[in-house]
Amino acid sequence: MSATTITTTDAVKDVKGDARISPRAHVRHTGALIRRNLLWIRQDPESMFDAILFPVIFTLLFVYVFGGSIGQALGGGQEAYVQYVVPGLMAMMGMNMAQGVGTGFNQDFNTGVMDRFRSLPIGRGSVLFAKIAVELMRMLFATVVLMIVGVLVGFDITNWAGLLASVGLSAVFGSALMWVFLTLGVIMKNAQSVQAMGFLVLMPLQFGSSIFAPTQSMPGWLQNFTDYNPLSSLADAARGLMVGGPAAHDVWMTLAWSAGLTAVMAPVAIHKFRTKS
């Protein structure tokens, strides 16, 4: 029997074995893997540097470098820009954390951690769900840091319910985006490739959106792109919920994008993980 046949047979057995695991066992396995990932973070605190530094650097950079000029365009100076950009940066947190889950997942494959998991009688989907759960915790931590820095530079929290709704919406979209990067983490050869691919995808989405600046002054073709950019919908929804203004359409658009990404990419990520040789 050839090596290819053995690999295919093992993959089929692996999928069937995973199907026999009860939902309660899946939950238990997911909880154990979440604990394992959190212990790993405690042993390697440097893995939290991105969750701490990203919100600090981006907030200070855009407020103090671009805040004056863009704020004048908004009609209020730097103070007006703070109210504009902080909700937008919240939309960016989930995206940055999503990229991290892909590189970490790929590193687990290359260091042999996944070989160990695959040899254990645990649900294969539990490995992915645990990764997403821990990354959501990191995203929430980054959001707390963002809000602390935002308040220090002048952001005024007037609607706590809107703030919590914005955090929840960002978490929903971030978790949907994580399925994309989990798929990249499986199919790409190394973490550097995942980072490079993420950069190529995320940079146009970030700067071709309403996160950092209003889109009215952009060229017409770029405005058409921003209109369908899910990050624009998420940023505008967070802005409307936290600062005030229309938000319903953007909330529904963000939820639709999240549902679509999850429906398409979650089965792909799970299948690729189960059948990876």
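Up top is the structure these notes are about.
Here, residues in each chain are numbered from 1, in the same order as that chain's written sequence. Residues qualify for local features only when their pLDDT is at least 70, as the model is predicted, and side-chain atom pairs are given and counted only at 80 or more; totals for whole chains, interfaces and linings, by contrast, use all residues. Derived side-chain values reflect all non-hydrogen atoms in the structure, with water molecules and hydrogen atoms excluded from consideration.

(A) Here's a closer look at a nonpolar patch on the surface. In this scheme, patches are assembled from residues that exceed 30% relative accessible area and form no salt bridge. Like charges are connected within 9 Å, while nonpolar side chains (Val, Leu, Ile, Met, Phe, Trp, Tyr) are connected within 5 Å. All accessibility values rest on the Shrake-Rupley procedure with a 1.4 Å probe; residue burial counts only the protein chains present in the view. We count a salt bridge whenever a side-chain nitrogen from Lys or Arg sits within 4 Å of a carboxyl oxygen from Asp or Glu. Together, F49, I52, L53, I57, L61, V65, F66 and F141 line one region of the surface with nonpolar side chains, adding up to about 690 Å² of accessible area. With seven residues, helix α3 (residues 49–74) is the largest single contributor of residues to the nonpolar patch. Each helix is a run of H or I in the DSSP string that is no shorter than four residues. Each strand is a run of E no shorter than two, and both are numbered from the N terminus. Along the chain, the position of L53 falls in helix α3. The class of L53 is partly exposed, set by a relative accessible area of 43%. To sort residues, take the accessible area from a 1.4 Å probe on protein chains only and compare it with the maximum for the residue type: under 20% means buried, over 50% means exposed, and anything in between is partly exposed.

(B) Molecular detail of the layout of surface pockets. With a 1 Å grid laid over protein atoms only, a set of points is called a cavity when a 1.4 Å probe fits there but cannot get out and a pocket when it is open yet has protein on both sides within 12 Å along at least five of seven lines; lining residues have an atom within 4 Å of a point. Grid points are joined across faces, edges and corners, and a volume is the space filled by probe spheres set on the points. Estimated volume of the largest pocket: approximately 640 Å³. As for the largest pocket, its lining consists of 23 residues, of which W40, G100, T103, G104 and Q107 are closest to the centre. Contributions of two or more residues to the lining of the largest pocket are made by α2 (23–43), α3, α4 (78–110), α6 (124–152) and α8 (191–207). Here the lining of the largest pocket takes eight residues from α4, the largest share from any one element. Empty space within the second largest pocket amounts to approximately 170 Å³. Along the walls of the second largest pocket sit 14 residues, with L177, V201, L205, P230 and L261 positioned nearest its centre. Of all the elements in the fold, those that place two or more residues in the lining of the second largest pocket are α7 (160–187), α8, α10 (230–242) and α11 (248–275). In the scheme used here, Gly and all other residues not listed as nonpolar or charged are polar, with Ala, Val, Leu, Ile, Met, Phe, Trp, Tyr, Cys and Pro taken as nonpolar and Asp, Glu, Lys and Arg as charged. Class assignment for the residues of the lining of the second largest pocket results in 13 nonpolar, one polar and no charged.

(C) Representation of the packing of aromatic side chains within the structure. The pairing test for Phe, Tyr and Trp rings, Trp by its six-membered ring, is centres within 6.5 Å, and the orientation test on the planes gives stacked under 30 degrees, edge-to-face over 60, and tilted for anything in between. Across all of its chains, the model carries seven aromatic pairs by this definition. Geometrically, the ring pair formed by Y81 and Y84 is stacked, given 6.3 Å between the ring centres and 20 degrees between the ring planes. Of the two residues, Y81 and Y84 are both situated in helix α4; the distance of three residues between them amounts to about one turn of the helix. Y84 matches Y81 in its accessibility class, with the two residues each being buried.

Read these as layout, nothing more, since geometry by itself doesn't imply function.
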